[in-house]
Amino acid sequence: MNIHAQYLRTSYFMEGTSYRLQMNPGLQPTRGYFNFPVIGSLNVAASSNVLGTNDIIDILDSKEDLFTNDKLYNRLKPDNRLNVNFNTDILSFGWYKGKGFWSVNVGLRTDIGASLTKSMFEYMRNIDGFNIEEGGVHSYELGNQRVNINAYAEVGLGYSRPITDRLTIGGRVKALLGVAHAEMEVERFDVDLEMPDMANVDPENLRPEDWYGSQYAYNVKANVTTSFSGGGLGFNENQQIDGFDFDGGIGIAGLGFGVDLGASYKLLDNLTLSAAILDLGFINWKKSETTVASVEKSAQETIDENNYNQFLSSDFLNLERFNLTQDEEAAASYKTRLSSTVLVAGEYTFFNNKLGVGAMYSARFVEPKTLNELTLNLAYRPKNWFNIAASYSPVQANGKSFGVALKLGPLFVGTDYMYLGGNSNSVNGFIGISFPLGKKKTESI
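Here we summarise the structure given alongside this text. Along each chain, residues carry numbers from 1 onward, in the same order as the chain's sequence is written. For a predicted model such as this one, the threshold for reporting local features is a pLDDT of at least 70, and the threshold for listing and counting side-chain atom pairs is 80 or more; totals across whole chains, interfaces and linings nevertheless cover every residue. The side-chain numbers reported here are obtained from all heavy atoms of the structure, hydrogens and water having been left aside.

Broken down by element type, the chain carries four helices and 22 strands. Here the chain holds 445 residues, and the buried ones make up 49% of them. Any two residues having at least one pair of non-hydrogen atoms within 4.5 Å are treated as being in contact. Taking as baseline every contact in the chain between residues at least 6 positions apart, the subset at least 24 positions apart corresponds to 69%. Each accessible area is a Shrake-Rupley estimate made with a 1.4 Å probe; only the visible protein chains count as cover when residues are assessed. Element-wise, carbon and sulfur atoms account for 57% of the exposed surface of the chain, whose accessible area totals about 20,400 Å². Numbering goes from the N terminus for both helices and strands, where a helix is a DSSP run of H or I of at least four residues and a strand is a run of E of at least two. Only protein chains enter the accessibility calculation, which uses a 1.4 Å probe. A residue is then buried if its area is under 20% of the maximum for its type, exposed if over 50%, and partly exposed in between.

Now the structure itself:
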């Protein structure tokens, strides 16, 4: 799992907005801007290869437990992925200087990724009372689980300018300040659970003592790594994980560098092609701020009141379950790369550039699988203070949603995935407040 960012694709052809510069630093807005601090450029997004919006609503409405929800369980795939992104600019502004356009941003980025197998859900359902009447030995292969969290600050400086009457190029350099990084990887976790006789046990009123006497054999290889200034994993006197320590406050746990590159070329008077490569870079996390816990062992335990919560707890990813211990030798500096995005787009305009019809393809190189997206877009921009756009993305949302975006004066709102009656597996929302800064661009590039 790697660092990656989400963008509002529907805004790409809205010339009156500054937010499309996030997707291509080679584009130029119609005039300079100053975004309202923090809430002036706020983006939240989530995507999954399994979970849809209706699934989440069903769980919340029915108050069902995550593991006893049959409808959700039947939808699961062998590998279930979830990504959540939160981006905001604390400060961002841009201005024209001659033919060149400068931009500055200071932002916060938080990315969460998880890859969980269906076998883990099956295991949690069974220890919660499913299939206990079968008795005997139950075997599970629970490896290939990953959870990743990244939080970092970004300080960027961008510049673009026309090279000819038809070609404009631009770039952005970014200093990255790592705030926190945590990842858990369960490479192997094989369990054989020999259950006692439960013929007279009510599955709906299963008690911990009903499991006492079970034989729990496991073979595990797993590790947890955290990088957090003044905190991270905490350990007890036996060098086992004893929770997380965040008492040291927020600081800088890593440093990095990134770059964005973009270009726009007017092939015909009414046809413009553009392309960009985003997030080429890395963050180097400090050894002094890194803690590591790992385990690679095979063992057999008899379940009793002393270890029930460790091995059969209903806590989904209870770290005690894996017997992780501190690994000081593995605590070293390391790099996490930014997950790059490649973007290619084309637009044909009508009515003196007031109406545009375009298409955009993007590929984000994230693990475990590259995310591809094709977006068809219609943008109407009669005035700098009034832009409206609609988009359709057939890939990530299973073709069941469309995007809308509106700029009205200083206010900008939009989403790439507005669904009507569907079960979209991608959602995002963007809100911005931007004020004009400096003179208006004299000629549209």
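Within this scheme a cavity is a closed region of a 1 Å grid, computed over the protein atoms alone, that accommodates a 1.4 Å probe without allowing it to escape, whereas a pocket is open but has protein on both sides within 12 Å along at least five of seven lines; lining residues each have an atom within 4 Å of a point. Grid points are joined across faces, edges and corners, and a volume is the space filled by probe spheres set on the points. One pass over the structure, following the stated rule, counts four cavities of 30 Å³ or more. Each pocket or cavity is described by its volume, and for the largest cavity that value is around 330 Å³. As for the largest cavity, its lining consists of 29 residues, and the residues nearest its centre are Q22, D89, N105, R109 and E154. Taken together, the elements giving at least two residues each to the lining of the largest cavity come down to β1 (31-35), β2 (41-48), β3 (79-97), β4 (100-117), β6 (145-162) and β7 (167-195). Ranked by residues supplied to the lining of the largest cavity, first place goes to β6 with five residues. Looking at the lining of the largest cavity residue by residue, the classes come out as nine nonpolar, 13 polar and seven charged. Considered as a void within the structure, the second largest cavity measures approximately 70 Å³ in volume. Y7, R9, M23, L278, T341, L343, M360, S362 and R364 together form the lining of the second largest cavity. Breaking the lining of the second largest cavity down by element, the ones donating at least two residues are β16 (341-350) and β17 (355-364). A total of three residues in the lining of the second largest cavity trace back to one element, the largest contributor, which is β17. For the lining of the second largest cavity, a count of residues per class yields five nonpolar, two polar and two charged. Residues are sorted three ways: Asp, Glu, Lys and Arg are charged, Ala, Val, Leu, Ile, Met, Phe, Trp, Tyr, Cys and Pro are nonpolar, and all the rest, Gly among them, are polar.

Quick look at a nonpolar patch on the surface now. On the surface, F34, F36, V38, I39, I90, L91, L108, F435 and L437 cluster together into a nonpolar patch covering about 670 Å² of accessible area. At the level of secondary structure, the elements contributing two or more residues to the nonpolar patch comprise β3 and β22 (426-440). Counting through the fold element by element, L437 comes out in strand β22. On the basis of relative accessible area, L437 is assigned to the partly exposed category, the value being 32%. A residue counts toward a patch only above 30% relative accessible area and without a salt bridge, and it is joined to like-charged neighbours within 9 Å or, for Val, Leu, Ile, Met, Phe, Trp and Tyr, to nonpolar neighbours within 5 Å. A pairing counts as a salt bridge when a side-chain nitrogen of Lys or Arg comes within 4 Å of a carboxyl oxygen of Asp or Glu.

Across the 18 residues of β4, 13 count as buried, placing the element largely inside the fold. Pairing between two strands requires that DSSP report at least two bridges joining them. Alignment of β3 against β4, held across 18 bridges, turns out to be antiparallel. Within β4, the position partnered with N80 by the bridge is L116. Hairpin remark: β3 followed by β4, antiparallel, with two residues in the connecting loop; positive phi at G98, about 65 degrees. Two elements, β4 and β6, share 15 bridges in a ladder whose sense is antiparallel. By the bridge assignment, I112 is partnered in β6 with I149.

No statement about biological role is implied by the geometric values presented.
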